[in-house]
Amino acid sequence: MNRYVNVLRKIHIHPVFWAIIGLSILTAKFWELLLLFSIVLVHELGHGFAAAHFKWKIKQILLLPFGGVAEMEEHGNRPVKEEVIVILAGPFQHVWLAILAYFLYIGEVITLQTFEMFFSFNVMILVVNLLPIWPLDGGKLLFILLSKYYAFSIAHEKALRFSFFFLIAFSILYLIVAPLHLNVWIIVAFLLFSLIQEWRQRHYVFIRFLLERYYGRKNEFTSLKPIVVDEKDKLLQVLYQFKRDCKHSIVVMKGNAKQEPLDENELLHAYFAEKLTSINIGDILYSY
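Residues numbered from 1 in each chain as written. Predicted model: local features only at pLDDT ≥ 70, side-chain atom pairs only at ≥ 80, totals over all residues. Heavy atoms only, no water.

Draft legend 1. How the structure looks around the UniProt feature "transmembrane region" (unreviewed entry) in the chain. Residues given the UniProt feature "transmembrane region" (unreviewed entry) here are residues 84-105, 117-138 and 159-176. Along residues 84-105 one finds 100% helix and 0% strand; the C-alpha atoms at either end are 33 Å apart. Annotation note: span residues 159-176, helix share 100%, strand share 0%, distance between end C-alpha atoms 26 Å. (UniProt positions renumbered as here; feature names shortened; annotations may be inferred. Helix = DSSP H or I, 4+ residues; strand = E, 2+ residues; numbered from the N terminus.)

Draft legend 2. Highlighting the domain arrangement of the chain. As assigned here, the chain comprises domain 1 (1-130), domain 2 (135-218) and domain 3 (224-286). The straight-line distance from the C-alpha centre of domain 1 to that of domain 2 is 20 Å. Here domain 1 packs against domain 2, burying approximately 1,700 Å² in sum over the two surfaces, 64% of which is carbon and sulfur. Across the contact surface, domain 1 and domain 2 share 2 salt bridges. For K57, the salt bridge identified is with E212, shortest N-O distance 4.0 Å. On the surface where domain 1 and domain 2 come into contact, there are 5 residue pairs in polar contact (both at pLDDT 80 or more). Those elements giving two or more residues to the side of domain 1 that touches domain 2 turn out to be α3 (30-53), β3 (67-72), α4 (80-106) and α5 (112-129). Here the element with the most residues in the side of domain 1 that touches domain 2 is α4; it accounts for 6 residues. When grouped by side-chain class, the residues that make up the side of domain 1 that touches domain 2 number 11 nonpolar, 6 polar and 6 charged. (Domains from an automatic or database assignment. Buried area = accessible area lost by both parts, 1.4 Å probe. Salt bridge = Lys/Arg side-chain N within 4 Å of Asp/Glu carboxyl O. Polar contact = N/O pair within 3.5 Å; in protein donor to acceptor, adjacent residues only side chain to side chain. Nonpolar A, V, L, I, M, F, W, Y, C, P; charged D, E, K, R; others polar.)

Draft legend 3. Broad picture of the pattern of salt bridges. Applying the stated criterion across every chain, the model contains 9 salt bridges. For E71, the salt bridge identified is with K59, shortest N-O distance 3.9 Å. One end of the pair, E71, is in strand β3; the other, K59, is in strand β2 (residues 58-64), and 12 residues separate them in sequence. Residue classification places E71 among the partly exposed positions, given a relative accessible area of 24%. Since its relative accessible area comes to 47%, K59 is described here as partly exposed. What you see here is one network of salt bridges that share partners, running through E157, R161 and R202. (Buried < 20%, exposed > 50% of the residue type's maximum accessible area, 1.4 Å probe, protein only.)

Right under this line is the structure:
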């Protein structure tokens, strides 16, 4: 129970949000903002409680003027099934919220106007979050899908490239349909900023993935996937072939001869503990 209560302690409201709240009171828009805030909060708590169920490390749940972000201290090494559940736990909240709002309306607890406003906000937030754009839920699902076919670093880069493409397409569409919709352009600006930041930090994200794999919690991987390399391949070049949700054995080839395989931890140990960042794989093999 404590870990679920701890999720509530992770909630933070962005300073700009307080300014928006003050402005909404002055412009008599506080009720609309309260409905929007409630939907976003429940959405993010869905992520938070699902993460707490799997004992993930939660950094914070940040509520922004136009949405929210649940930041986790996990780096791509949890089971894919867990990640999918945590991601979908946010969008799932919109289902019961819509049902609840409907019964409140037919029970005459809320007016038709309030129900229609709540319903439109609920659908809007759901649809936007499922767009295949990082760091939205749809973008994270896209990353997981690509991770099934590509190494972690390649899947991450492809997810970001696709996200840039979809964001441009989304922006062009809204430029045609509703060019004066200020809230949309604020969201587009936030997504663009987040994408640029993630792109700049992609190597750091990859290193955190390897660090968690080496120093972090030892998960039970669903499969063993060999990586066949030449003895002259560089250590980092091989590490870039690591995939999520599987353990690797490193098959080293010397010419046409297959050498004794290395465990992935031997490579991670050489890179992080021994700082042999530019060593050849063959040198690691022959040192054991």
